Amino acid sequence: MIYQENTQAIYRKDYQQPDFFIDSVDLHFSLDEDVTLVHSRMTIRPRTENQKKPLILNGELLVLKSLKFNGHVLNATQYHVDKTHLTLPNVPAEAFELESIVEIKPQENTALTGLYQSSGNYCTQCEAEGFRRITYFLDRPDVMARYTTTIVADKSRYPVLLSNGNRVEYGELNDGRHWVKWADPFPKPSYLFALVAGNLYCHGGKFTTRSGREVRLEIWVEPQNHDQCEHALQSLQKAMRWDEERFGLEYDLDIYMIVAVGDFNMGAMENKGLNVFNAKFVLCRPDTATDDDYEGIEAVIAHEYFHNWTGNRVTCRDWFQLTLKEGLTVFRDQQFTEDMTSAAVKRIQDVRILRSAQFAEDQSPMAHPIRPESYIEMNNFYTVTVYNKGAEVIRLYQTLLGKDGFRRGMDLYFQRHDGQAVTCDDFRAAMADANQVDLTQFERWYDQAGTPVVEASGVYDATAKTYALTLRQQVPEHLQAWHIPVAVGLLGKEGQDLSLQLEETAPAKTTQVLELRELEQTFTFKNISELPIPSLLRHFSAPIKLNFSCQRQELAFLMAHDSDPFNRWEAGQQFAQQVIFDLLADWQAGKTLQLDALFSEAVLKILQDDKLDGSIKSLMLTLPTENFLGQQQAEVAVDGLFAVRQFVLKQLAEVHYAEWLAIYRANHQMPYSNSATAIACRRLKNTALHYICRLDTPETVNLAEKQFKQSDNMTDQQSALMCLVNTFSEERGQAIEYFYQQWRHNPLVLDKWFSVQATSYLPDTFDNVKALLQHQDFTLKNPNRARSLIAVFSQNQAQFHRADGLAYQLHADIVLQLNATNPQIASRFVSVFNHWRRFDANRQALMQAQLNRIIQHPNLSKDVYEVVSKSLN
Ligand code: ARG
Ligand code: ZN
């Protein structure tokens, strides 16, 4: 093993309380192009009296310039410094003050963790363990301190100096520099520290809390983006109001700031009072951002705002508890979006992400419970499992306890733990105690990895008028049964909901939530006077795979009638999947393909259903992705799935051409607005355009081209470009060039230009991606740009998984480049190879060869090492 960095795993079971606490820290930053000086003065207190423990502070990439203990300079024999720690072997058993000065070089920080530069401005990202790259500290979430921060910088280049809390003092020096001092009254863990310095424009606003306090809101952006902030501001105001109404939670400082930066590894960061955001989740204008971008902004702004209570006021004891704040906060932002837009549409979108990304993670060597047992690099555990499955687990509490019961649990959680760093068990205890229920078995959701599989079967007894539903969970040998709420409805032959009664005394409902706790349970509904069609797992009531054998007629029936919109969509997806897999068998047997008439008819019914909301309709008219279909197979049939899915799309386009065109025309005239109705129209229209363009005739190309050139909004322009990019027309190249010239100076739109080309399903996509890597505007240094081409292409199943392995090789080259500059992004990218064992022998060998090449690389980061070593294991 050539590997050098410390690859020791850290275990949840080894958690120990800190030996010392830090009560206050006074920071002083002197920002300079050459070196930045960080001066820190901390008051430190041993946890227990008379303890004789060494003080071990975290610190990385720091150059220690001076160290003082209670005001006295320490000499080098009194402490020890290595690459990751500063150790003071002898410290007294009472409170003391430690003062240090370190040098750092933010201008050379390409990993974008700690203090770094983006577009010439300074900003920070400290979660999870970035603060130790700023100064020596007990960089762990259960050490909470009060911070004051003074920033000194050149006034002309860095007129704006921000940190957490309130601005308490400021002044000017006579050398052209100025300074600002901030004080944050709330004790916080180091991962919530933030600093921003630069030339920024402020889009201001305000919010009056329900108790009548006025809060100043500030969105800070690079000056050229001044006209792209209003939606972010409004989203923040909506989120603040919603959290008061739904959870009784009010904001606690007098100012709330959001800064948009161009270079950011993730989505955004909830630093106390000073969120730092990936610009992608702040900036928008109708002509530059799509409807999905608008919704993404509203959701992420809300997410970070909600963290102020779920994350900041109550934080995590240790990083294994990450889902305590992330699962809960994702759930809260999902509920918020369900309330702001459409509950059904949002639920479908969330389940699509869960199933395509999280279920896949569960099937991979990186599978872990939402509360992991160990990690090598914490940044590798900001995953869809911790976040999205974590949110599903929180949703389970609400499904089991009801909205009011859930609220009681939340209230008790805050009552008990405000100002503390706590665990997932504390949260579960609050839910249980507030509702006087036993949630012992519920812990399995936290400590067992994997997606539960439930088999369902039903028996109708016409004489007894009962319907008996048996649910059986398949529990792997080393695991125990989960506590699973299964929401069930039964449909009569007119498609109506039957009234469901379990016990004589219990109230009848049209949807019953069954609690499956045993390996197998049977639930018997009474007074069922006709043979029902079951609608199971309504609203996706648990993150499981439910197997229930359903005839195509039944799927078509549910698709047309189910009162639960989620299950209506779900029936369509299952129907499509059955159709595709049957065709795949034909394709593999060399037979000619023919589209199932019943399916085609079911699609037509959806097309003609005037009562369906356009957003749902458009989702119902979208086939499961190749990636998702591949996951349902023992071995991913890359080429077959591609061919068959393309066939179905083209057939649907041809057979229903008149309807697609009619839908297109009916929805195309609507003038632009950001309303739900206008968004639904655009979604439906653009879905229609995609089908229409499958025909690739001069007329269809013309339609797309017209929309491309004439649209006044990015949703329509990008959709049309996506259509054109998949045609063999001359207009394709022209549109690509036109879009580039139009948007080359807007980085976020230029990202779309790279992405759209990387999603093309034409066979020259790999060559285009390779050429785009050389484009003057391409750079791996900017995570958004890197993702726009590389990550997007790696999800293009048929093109990325070319049988010749050339795309794998290129991908590994890029991973190795990023490994040296930005390990977090490298590790994200290398993760596509996690699924290598699910492919055919040829592709397996090709991917394995790249993984072996990567693991042998001499200077592998912990991040990449952890993923690749687990993948090869
Ligand atoms: N807490 C942030 C959020 O949920 C995520 C930041 C994670 N960053 C990281 N480098 N691991 O929005
Ligand atoms: Zn979060």
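Note that the coordinates shown come from a computational prediction; the quantities given were computed from them, not determined experimentally. (Residues numbered from 1 in each chain as written. Chains lettered and ligands numbered in written order. Predicted model: local features only at pLDDT ≥ 70, side-chain atom pairs only at ≥ 80, totals over all residues.)

Some remarks on the UniProt feature "domain: Peptidase M1 alanyl aminopeptidase Ig-like fold" (unreviewed entry) in the chain
The line we're drawing: UniProt positions are given in the numbering used here, feature names are shortened, and annotations may be inferred rather than shown by experiment. Helical segments are the DSSP runs of H or I of at least four residues, strand segments are the runs of E of at least two, and each set is numbered from the N terminus.
Annotation from UniProt places "domain: Peptidase M1 alanyl aminopeptidase Ig-like fold" (unreviewed entry) at residues 450-548. When the span residues 450-548 is considered, its composition is 0% helix and 44% strand, and the gap between its end C-alpha atoms is 20 Å.

Some remarks on the pairing of strand β14 (residues 166-172)
To keep it simple, the criterion reads: Exposure criterion: with C-beta atoms placed from backbone coordinates, a residue whose C-beta has 20 or more other C-beta atoms within 10 Å is buried, one with 12 or fewer is exposed, and one in between is partly exposed. Pairing between two strands is assigned when DSSP locates at least 2 bridges connecting them.
Across the seven residues of β14, zero count as buried, placing the element largely on the outside. In terms of strand pairing, β14 meets strand β15 (residues 177-188) through six bridges, oriented antiparallel. Opposite Gly171, over in β15, you have Trp179 as the bridge partner. Hairpin connection, β14 to β15: the antiparallel pair is bridged by four residues, and Gly176 has positive phi, about 90 degrees.

Details of helix α2 (residues 291-306)
What sets the pattern is the α-helix's 3.6 residues per turn: residues three or four places apart point alike. Rule in force here: A helix is expected to reach a length of 1.5 Å times the quantity of its residues less one.
The terminal C-alpha atoms of α2, which comprises 16 residues, lie 23 Å apart, in line with the 22 Å expected from a rise of 1.5 Å per residue. Of all 16 residues in α2, 13 are buried, a share of seventy percent or more.

Points about the nonpolar core
Cut-off, in case you're wondering: By definition, a nonpolar core groups buried Ala, Val, Leu, Ile, Met, Phe, Trp, Tyr and Cys residues that connect through C-beta atoms lying within 7 Å of each other. By the convention adopted here, residues make contact when the C-beta atoms placed from their backbones lie within 7 Å.
Counting residues in hydrophobic clusters, the biggest one holds 241 residues, and the most contacted among them are Val196, Val259, Phe277 and Val282. Considering each element in turn, this core owes the most residues, 12 residues, to helix α5 (residues 384-417). In contact with Val196, not counting residues within four places along its chain, are Asn121, Tyr122, Cys123, Leu162, Val259, Leu274 and Val276.

Observations regarding the confidence of the model for the chain
Should pLDDT be low for a region, the predicted coordinates there are not to be read in detail. Let me state the cut-off plainly: By definition, pLDDT measures how confident the predictor is in each residue, and it falls between 0 and 100.
Averaged over every residue, the pLDDT of the chain is 97; residues scoring 70 or more account for 100%. Interface confidence for the predicted complex, given as ipTM, is 0.98, next to a pTM of 0.98.

Some remarks on the domain arrangement of the chain
Heads up, the rule is: An automatic or database domain assignment supplies the start and end points of every domain.
Domain annotation of the chain identifies domain 1 (1-199), domain 2 (314-447) and domain 3 (453-542). With centres defined by C-alpha atoms, the gap from domain 2 to domain 3 works out at 25 Å. Contacts between the two partners involve nine residues from domain 2 and, on the opposite side, 10 residues from domain 3. Those elements giving two or more residues to the side of domain 2 that touches domain 3 turn out to be α4 (343-362), α5 and α7 (444-447).

Observations concerning the site of ligand 1
Note the threshold: We call a residue near a molecule or strand if the C-beta atom, set from the backbone, is within 6 Å of it.
Around ligand 1, the surrounding shell holds 15 residues, and the nearest of these are Glu127, Met266, Met269, Asn379 and Tyr382. Elements with a contribution of two residues or more to the shell around ligand 1: β20 (268-269) and α2. Composition of the shell around ligand 1 by domain shows at least three residues from each of domain 1 (1-199) and domain 2 (314-447).

What about the sheet that holds strand β3 (residues 36-46)?
On the basis of which strands lie adjacent, the open sheet formed by eight strands has the order β6-β5-β9-β3-β2-β12-β15-β14 and mixed pairing. Looking along the sheet, the strands with just one partner apiece sit at the ends: β6 (72-73) and β14. With nine bridges joining them, strand β12 (residues 145-154) and β15 adopt antiparallel strand pairing. Bridge pairing links Val152 to Trp179 in β15.

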